[in-house]
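Listed below are the residues making up each chain.
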Amino acid sequence: MKFLVQRQTLKTQQHLYLVRTCSDIIVDLQGAGPGGLGLAIALKKMGFNNITVYEREAGINSRSQGYSMTLHEHGGYAFIKRLDIQDIIIPVSTTPLFKAWDGTNNSKLYQQAIPSNRRIVRAQLRGCLIDIAREMQIDLRWNSPVEGFREDDEDNLYVTVHGIEERVDLLIAADGISSKIRSQLFGDEPPNVQYVGPAAKIKRTEETEHLFEDPDIIDSLGLHSNYGYCLFFSHHALSDEIFWSMSFPASEFPSYHEKTREDWLQIAKSKEETFKSPAHHLIRATRVEDLEEALILKDRDPRPLSTAGRLCQTKTGRVTCLGDAAHAMIPFRGAGGNNALLDAWKLSELLDSLKAENWSRDDLSRILVEYETEMHKRGQDAIISSRDNAKLFTTQSYLRSTARNVIMRGVGLWSQLTS
Ligand SMILES: Cc1cc2nc3c(=O)[nH]c(=O)nc-3n(C[C@H](O)[C@H](O)[C@H](O)COP(=O)(O)OP(=O)(O)OC[C@H]3O[C@@H](n4cnc5c(N)ncnc54)[C@H](O)[C@@H]3O)c2cc1C
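You'll find the chain entered in an unreviewed UniProt entry as 2-polyprenyl-6-methoxyphenol hydroxylase-likeFAD-dependent oxidoreductase, with Planoprotostelium fungivorum given as the organism.

Have a look at this one:
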């Protein structure tokens, strides 16, 4: 409490400076996910010294974030390199080897190693970013859910945390799909639940050893398409666990939230025979204690920009959002985290232009128009193409699945010939 009051006094004084550099800009970031942390690190490197990251969770291990993410060469990984922190990410990540099967007849459609991408467990990525943020002395506050914001008639913007208001220059909501700031802006629209299903993590034991020796599984990301559903698995060499999940259209299980782990395992086992190896073996080896929280894949419909070119249209124009708070998508293109990092990159580059200037609040809102225009288009495209991919991987149509198989085989062959 005392600290907050002191900080408030300091901020008020800073507004009196005649020549203002970017280090004066008070930036509040809501959410310590990959997007929020990436942006905080970028801004700090650029000389912004007044950044606070508020995180709702009590600490890094507050919830299970077991799945891994692929950072793409032209997506999130490019930003990691731009931040010059790849040396910290490389030892805890691997080169993804992607494989796809038509699960109905066990034909392998595609196999490709992509050395320029990195595969990393989400919690590891977050852990690395948090370590870097700490080292850079970024003010990261755990257990601090942002409750909302307020704007007054004097062009002031305030953020409320623990019931206390703080005045800020810029508020960036990076607080994921259930963003509090987003709800304040657009109302409590529930996200679309698109796919649901069981998810499991298999550890190496005497009984499961054979899975860890299967060349189709080790070090691989695999997708088995089937009629109406699909199974995705990944073996991450560094954690030596196999994660798998099945995705069914949510419309098939309207009471999905009532299902127990036992129910989900039974559903998976009922499909075991419809898959061939290795998906078949993964389901067979899974026990109820291996089941994780059920998979509930959600996204949001893209929202139109205002006539002023803004997604987050507010009185001051100095509130914006990034990552899942802006454009939540289902992970069928592995694009959500990459786009969160691309948002952070775009916004940090635009804010960098303030470095040399005697900035004004209008500069901030002008920058946000440019940022949101690019971010909105990219995010919208990613939401739609992720849905298209999901439909393709779970299609019930023989014709569509045949066309998909031909295309994937062609792409696989082409990448083998050109690599
Ligand atoms: C199974 C699965 C697999 C995936 N695979 C991939 C992949 O391969 N590649 C890829 O790019 N993406 C993938 N994704 C998507 C990716 O995980 C997300 O898009 C990414 O984490 C979004 O990052 P973010 O920083 O925007 O939000 P988040 O990671 O959701 O972080 C938001 C943070 O804000 C905090 N927060 C929430 N509310 C508040 C509040 N009121 N105040 C303060 N803090 C708050 C949260 O605790 C959290 O720490 C996958 C997702 C799933 C579910």
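J.: Whenever I open this one, the overall build of the chain confuses me. Can you help?
T.: In terms of helices and strands, the chain carries 13 helices and 18 strands. The globule rule puts the C-alpha radius of gyration for 419 residues at 22 Å, and the 23 Å found for the chain is close to it. In terms of overall dimensions, the chain has a C-alpha envelope of 70 × 45 × 40 Å along the principal axes. A total of 419 residues make up the chain; the buried ones form 55% of that total. Of the contacts made within the chain by residues no fewer than 6 positions apart, 73% connect residues no fewer than 24 positions apart. Put simply, the chain has 50 plus and 56 minus side-chain charges, and the middle of one group is 2 Å from the middle of the other.

J.: Honestly, the sheet that holds strand β8 (residues 146-151) in this entry has me stumped. Any pointers?
T.: Strand pairing in a sheet is mediated by backbone hydrogen bonds. Such pairs are either parallel or antiparallel. Spatially, 3 strands are ordered β8-β9-β10 in an open sheet, and the strand pairing comes out antiparallel. For this open sheet the edge positions go to β8 and β10 (164-168), each flanked by a neighbour on one side alone. Neighbouring strand axes in the sheet, compared pairwise and without regard to direction, differ in orientation by 30° on average. Direction of pairing for strand β9 (residues 157-161) relative to β10: antiparallel, over a ladder of 5 bridges. The residue bridging leucine 157 from the neighbouring strand is valine 168, located in β10.

J.: Would you take a moment to explain the side chain of serine 225 for this structure?
T.: Tracing the chain through its elements places serine 225 in strand β14 (residues 220-226). One polar contact links the side chain of serine 225 to the main-chain carbonyl oxygen of phenylalanine 393, over a distance of 3.2 Å. Look past the residues within four positions of serine 225 in its chain and what remains in contact with it is Trp101, Asp102, Gly103, Thr104, Cys230, Phe393 and Arg404.

J.: Sorry, what's going on with the pattern of salt bridges here?
T.: Oppositely charged side chains may form a pair once their charged atoms are brought near each other. Per the counting criterion, the structure on display carries 27 salt bridges. Glutamate 273 is the partner of arginine 284 in a salt bridge, and the nearest nitrogen-oxygen pair spans 3.7 Å. With a gap of 11 residues between them, arginine 284 in helix α9 (residues 279-285) and glutamate 273 in the loop between α8 (261-271) and α9 connect regions that are remote in the sequence. The salt bridge partner of aspartate 343 is arginine 378, with a shortest N-O separation of 2.9 Å. In this pair, aspartate 343 is assigned in helix α11 (residues 336-352) and arginine 378 in helix α12 (residues 361-393), connecting sequence segments 35 residues apart. Residue aspartate 343 is classed as buried on the basis of its relative accessible area, which comes to 0%. By relative accessible area, arginine 378 is classed as buried at 17%. Through salt bridges with shared partners, a single network forms among Glu55, Glu57 and Arg126.

J.: I keep staring at the pairing of strand β13 (residues 199-203) and nothing clicks. Help me out?
T.: Here is the key point about a regular strand: its side chains alternate between the two faces of the sheet. Of all 5 residues that make up β13, 4 are buried, and the element is covered over most of its length. Taken together, the 5 bridges between β13 and strand β16 (residues 241-249) define a ladder with antiparallel strand orientation. Paired with alanine 200 across the two strands is tryptophan 244, which belongs to β16.

Rules used throughout
- Residues numbered from 1 in each chain as written.
- Predicted model: local features only at pLDDT ≥ 70, side-chain atom pairs only at ≥ 80, totals over all residues.
- Heavy atoms only, no water.
- Helix = DSSP H or I, 4+ residues; strand = E, 2+ residues; numbered from the N terminus.
- Rg over C-alpha atoms; globule rule 2.2 N^0.38 Å.
- Buried < 20%, exposed > 50% of the residue type's maximum accessible area, 1.4 Å probe, protein only.
- Contact = heavy atoms within 4.5 Å.
- Lys, Arg positive; Asp, Glu negative; His and termini not counted.
- Charge placed at Lys NZ, Arg CZ, Asp CG, Glu CD.
- Pairing = 2+ DSSP bridges.
- Axes fitted to C-alpha atoms, helices over the stretch in contact; angles between N-to-C directions.
- Polar contact = N/O pair within 3.5 Å; in protein donor to acceptor, adjacent residues only side chain to side chain.
- Salt bridge = Lys/Arg side-chain N within 4 Å of Asp/Glu carboxyl O.

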